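The lines below spell out each chain.
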Amino acid sequence: MTGSVALVGMPGSGKSTVGRQLARLLGWQLLDSDAEIERELGHSIRSHFEQYGEESFRALEEAMIARLAARPGVVLATGGGAVLREANRVALRAHGNTVVYLRAGVEDLVRRLRHDTQRPLLQDVDPAIRLRQLFTQRDPLYRAVADHVVDTGRSSVSAIAHLLAMQLELGDLGGNAAASAIHKPGSSDDPADSA
C-alpha cells in the first residue's frame, strides 16, 4: 500500500482511539490533526473558537490537513468537521491515501459525548439535537470522501483496528466478504442510516 490511512467521522466516532491501535499494528505514526493544531497554537481549539471563530479554525485545519495528508505511512485522525471544506476532502484522497469513515449512530455519539466539555460545537446546546444536525450535514460528505465505511457500533475498537490492519496489509480493504464491519460507500451491505 502506498500513502497513508485517513480516518474521518463524527466527533466521538473513535478516530483517535482506533487510529492509535491501527498505527501500532501497522508500525506507523499516528497523527491527530486537532492535536497537531493545538500543539502549534499553544492553546486549545475551544479557546481558538471562542477568540477567533470557526472560520479561522477551519483555515488552520485546512493548512494542517494539507501537510499531514501528504505524509506517507501515517494514520491520520481528522477532526470531525474536516470534511466540510472541499480542499480537505481532496487532500485526504490524494497521495495514494485510503480514507476510512468510522460511522457511529447518533445515539452512540450522544452516549459517548454527553459529558464532553472540550468540543466547541457541543457547548451551550443540547448535545443530542446538535449531534443530529451535524450528522445530517456531514454524513453525506464522509461517504463521498471515503473509500470504505466502518460501522463502529458492531465491533470493539480492537477488533476494528485489527480488521483494518489485516485488510490494509493484504491490500484488500473492504474486499473480504467476511469483513462485515467494513463496507464500500453505496454498496448493498452499507449499514442503514440509524439517525
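Each remark here, short or long, concerns the structure printed above.
Note that the coordinates shown come from a computational prediction; the quantities given were computed from them, not determined experimentally.

Caption draft 1: Representation of the packing of aromatic side chains. Across all of its chains, the model carries 2 aromatic pairs by this definition. Between Phe 49 and Phe 57 the ring centres are 5.3 Å apart and the planes differ by 45 degrees, which places this aromatic pair in the tilted class. Residue Phe 57 is classed as buried on the basis of its relative accessible area, which comes to 3%. Residues Tyr 101 and Tyr 142 carry aromatic rings whose centres are separated by 4.8 Å and whose planes lie at 35 degrees to one another, so their mutual orientation is tilted. Separated by 41 residues along the polypeptide, Tyr 101 in strand S4 (residues 98-103) and Tyr 142 in helix H7 (residues 127-145) bring together distant segments of the chain.

Caption draft 2: Here's a closer look at the packing of helix H2 (residues 33-41) against helix H4 (residues 54-69). Contact pair H2 / H4: the axes reach a minimum separation of 10 Å and the direction vectors enclose 115 degrees. Between H2 and H4, the angle is such that the two are roughly perpendicular. The handedness of the crossing between H2 and H4 is right-handed. Contact with H2, carried on its side by Ser 33, Asp 34, Glu 36, Ile 37, Glu 40 and Leu 41, involves Phe 57, Leu 60, Glu 61, Met 64, Ile 65, Arg 67 and Leu 68 of H4 and no other residues of that element. Counted by class, the contact of H2 with H4 contains 7 nonpolar, 1 polar and 5 charged residues.

Caption draft 3: Examining empty space enclosed by the protein more closely. Within the structure shown, the criterion is met by 1 cavity of 30 Å³ or more. Taken as a whole, the largest cavity spans an internal volume of roughly 30 Å³. Lining the largest cavity are Ser 4, Val 5, Ala 6, Leu 68, Ala 69, Arg 71, Val 74, Leu 76 and Asn 97. Going through the elements one at a time, strand S1 (5-8), H4 and strand S3 (74-77) are the ones with two or more residues in the lining of the largest cavity. For the lining of the largest cavity, the per-class residue count stands at 6 nonpolar, 2 polar and 1 charged.

Caption draft 4: Structural detail: the pattern of salt bridges. Taken as a whole and judged by the stated rule, the model has 11 salt bridges. Ionic pairing is found between Glu 50 and Arg 46, a salt bridge with its closest N-O pair at 3.1 Å. On the criterion of helical spacing, the pair formed by Glu 50 and Arg 46 is a turn pair, its members being 4 residues apart in helix H3 (residues 45-52). Residue classification places Arg 46 among the partly exposed positions, given a relative accessible area of 25%.

Caption draft 5: Region of interest: the nonpolar core. Within the largest apolar cluster, 30 residues are counted, with the highest numbers of intra-cluster contacts made by Val 8, Met 10, Leu 76, Leu 92 and Tyr 101. Residue assignment for this core shows that the elements contributing at least two residues are S1, H3, H4, S3, helix H5 (86-93), S4, helix H6 (106-113) and H7. Look past the residues within four positions of Leu 76 in its chain and what remains in contact with it is Val 5, Ala 6, Leu 7, Leu 31, Ser 33, Leu 68, Ala 69 and Leu 92. Core analysis: the next-biggest nonpolar cluster, separate from the first, contains 15 residues, Ala 23, Leu 102, Leu 164 and Ala 165 among them.

Thresholds applied
- Residues numbered from 1 in each chain as written.
- Predicted model: local features only at pLDDT ≥ 70, side-chain atom pairs only at ≥ 80, totals over all residues.
- Heavy atoms only, no water.
- Phe/Tyr/Trp six-rings, centres within 6.5 Å; stacked < 30°, edge-to-face > 60°.
- Buried < 20%, exposed > 50% of the residue type's maximum accessible area, 1.4 Å probe, protein only.
- Helix = DSSP H or I, 4+ residues; strand = E, 2+ residues; numbered from the N terminus.
- Axes fitted to C-alpha atoms, helices over the stretch in contact; angles between N-to-C directions.
- Parallel < 35°, antiparallel > 145°, perpendicular 65-115°, else oblique.
- Left-handed = near helix turned anticlockwise from the far one by under 90°.
- Contact = heavy atoms within 4.5 Å.
- Nonpolar A, V, L, I, M, F, W, Y, C, P; charged D, E, K, R; others polar.
- 1 Å grid on protein atoms, 1.4 Å probe; cavity = no way out; pocket = protein on both sides within 12 Å on 5 of 7 lines; lining within 4 Å.
- Points joined across faces, edges and corners; volume = space filled by probe spheres on them.
- Salt bridge = Lys/Arg side-chain N within 4 Å of Asp/Glu carboxyl O.
- Core = buried A, V, L, I, M, F, W, Y, C linked by side-chain atoms within 4.5 Å.

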